[in-house]
Amino acid sequence: MASPWSTAGHLLELIRTGQATTRIELQRMTGLSRSTVGHRLDQLFAAGWLRDVPGVQSTGGRPSAQLEFDTRHAVVLAADLDTTFARAAVLDLAGGLLAEHAEHLRIDEGPERVLDRLGTWFAKLLSETGIGPATVCGVGLSLPGPVVWPSGRVVRPPIMPGWDGCPVPELMQRALGLHAGMHAAVPVLVDNDANLMGLGEQRESFADCSSFILMKVSTGIGAGVVIDGKVFRGIDGGAGDIGHVRLHDRPDARCMCGSYGCLAAVASGRALAGQLAALGVPAASAADVRAHLDADNPDAVRLAREAGQRCGEVLATVVSLLNPGVLMIAGDLAETHFVTGVRELLYQRALPRATRNLQIVTARLGEHTALAGATAMVVEHLYAPDQADARLAVAAPAP
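Rules of the game
- Residues numbered from 1 in each chain as written.
- Predicted model: local features only at pLDDT ≥ 70, side-chain atom pairs only at ≥ 80, totals over all residues.
- Heavy atoms only, no water.
- Salt bridge = Lys/Arg side-chain N within 4 Å of Asp/Glu carboxyl O.
- Helix = DSSP H or I, 4+ residues; strand = E, 2+ residues; numbered from the N terminus.
- Contact = heavy atoms within 4.5 Å.
- Core = buried A, V, L, I, M, F, W, Y, C linked by side-chain atoms within 4.5 Å.
- Buried < 20%, exposed > 50% of the residue type's maximum accessible area, 1.4 Å probe, protein only.
- Axes fitted to C-alpha atoms, helices over the stretch in contact; angles between N-to-C directions.
- Parallel < 35°, antiparallel > 145°, perpendicular 65-115°, else oblique.
- Left-handed = near helix turned anticlockwise from the far one by under 90°.
- Nonpolar A, V, L, I, M, F, W, Y, C, P; charged D, E, K, R; others polar.

Draft legend 1. Inspection of the pattern of salt bridges at higher detail. All told, the structure shown has 20 salt bridges when counted by the stated rule. Asp92 is the salt-bridge partner of Arg72, the closest N and O atoms lying 3.5 Å from each other. Note that Arg72 is positioned in the loop between strand S2 (66–69) and strand S3 (75–81) and Asp92 in strand S4 (residues 85–92), a separation of 20 residues in sequence. Its salt-bridge partner being Glu344, residue Arg305 comes within 2.0 Å of it at the nearest N-O pair. Placement of Arg305 in helix H10 (residues 298–322) and of Glu344 in helix H11 (residues 336–349) is noted, with a sequence separation of 39 residues between them. Linked by salt bridges that have partners in common, Asp82, Asp193 and Lys216 make up one network.

What follows is the structure, encoded as structure tokens:
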């Protein structure tokens with residue numbers, strides 16, 4: 001009977017995840033013969049995906065060469081698009097930042113214009129770093145709306161006019177061909193920003209947490225859920241869309257989605273900006289709200305705490321359902337007053353059984369959170385066993 005770890009892609013998975021890092025460990029774990037393991041490793045070395053590093057000498061024996069996934073053999077292009085701002089970067093396969101560009105870019109300019117601009121940014125970054133197009137293994141895009149995985153199509157995004165049903169990967173490939181000389185169709189993977197932020201933060205700081213939730217509160221409100229190390233997207237990318245949970249006592253609050261009473265219509269950065277403006281405090285965006293909070297404006301402080309309480313009401317159900325070990329708050333409103341409001345209502349409404357082992361924290365990776373998640377998404381997809389084997393088969397020379 002064939003070993004479940006019989007292919008080169010499966011051996012790569014063991015090495016990349018640190019489960020086996022020597023030839024002897026690979027033989028022991030897989031049950032494959034020394035020659036078979038050697039043949040599989042030859043494929044991975046030929047592709048440039050592995051490297052030997054000096055091993056630690058054991059007592060009375062020669063040191064075993066350690067096998068390591070070479071995170072410098074290729075790069076990932078990643079971009080994080082928000083409603084009015086975007087960040088593009090070139091990263092190695094471990095998420096190390098090699099170059100980046102950030103600039104105001106309105107998502108409502110539409111997909112063709114926005115993705116074309118991204119193409120010019122990526123071309124400039126590659127030129128600056130001296131990295132050729134052939135070194136790019138994939139592209140990861142973070143978008144502020146629902147995305148169907150793995151097609152990359154955006155579905156009825158409330159704050160992205162003109163993007164509904166857009167073939168984002170194809171448009172991005174076209175822009176890269178035009179501006180960066182990428183004539184081959186480099187893989188382009190797309191996901192919702194909260195999903196990628198959750199993936200990036202979980203991988204970096206809470207890799208051992210089997211139930212992890214990140215809630216992003218900026219222009220809108222969304223959540224990324226990582227269960228047993230995998231992003232939970234639902235059947236068509238709609239999981240985590242808690243900004244459109246209805247609040248029973250706010251039927252007057254009209255949401256960007258067209259409905260009334262949504263959490264985002266009451267407690268998002270956009271909603272708070274409107275509430276502040278109505279009080280005579282100049283605010284037009286979530287970033288303006290955060291600036292007022294940082295300046296301890298009393299109206300902003302009060303509204304942020306109340307918004308946190310409204311989010312806490314909804315999160316009490318989420319926490320009771322998923323029993324997470326970590327609840328992370330991210331985005332423009334991830335600050336003390338808002339988080340205090342979340343804690344108050346969450347602990348009041350959820351049973352102690354659901355919260356006794358819960359950590360409530362704020363995001364740790366700052367402005368690069370979604371880029372980290374986008375890179376992890378690309379690497380974990382392209383170097384997963386089945387994908388790795390398919391890529392090796394294409395790259396193998398004809399007999």
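Draft legend 2. Main features of the side chain of Thr375. Residue position: Thr375 is located in helix H13 (residues 369–382). Look past the residues within four positions of Thr375 in its chain and what remains in contact with it is Val76, Ala78, Leu91, Asp92 and Gly95.

Draft legend 3. How the structure looks around the nonpolar core. The biggest cluster of nonpolar side chains holds 47 residues, and the ones touching the most others in it are Leu26, Leu41, Leu44 and Tyr383. Top contributing element to this core by residue count: H13, with eight residues. Among all residues touching Leu41, those that are not within four sequence positions of it are Leu11, Ile15, Arg23, Leu26, Leu50 and Leu67. One finds Met215, Ala273, Val318 and Ala354 within the second-largest nonpolar core, a separate group that totals 44 residues.

Draft legend 4. Representation of the packing of helix H4 (residues 111–129) against helix H5 (residues 168–180). Their axes nearest at 8 Å, the elements H4 and H5 cross at an angle of 45 degrees. Taken together, H4 and H5 sit at an angle that is classed as oblique. Every pair of crossing elements has a handedness; the one defined by H4 and H5 is right-handed. The segment H4 lies against H5, with Pro111, Glu112, Leu115, Asp116, Leu118, Gly119, Thr120, Phe122, Ala123 and Leu126 engaging Val168, Leu171, Met172, Ala175, Leu176, Leu178, His179 and Ala180. Taken together, the residues of the contact of H4 with H5 break down into 13 nonpolar, three polar and two charged.

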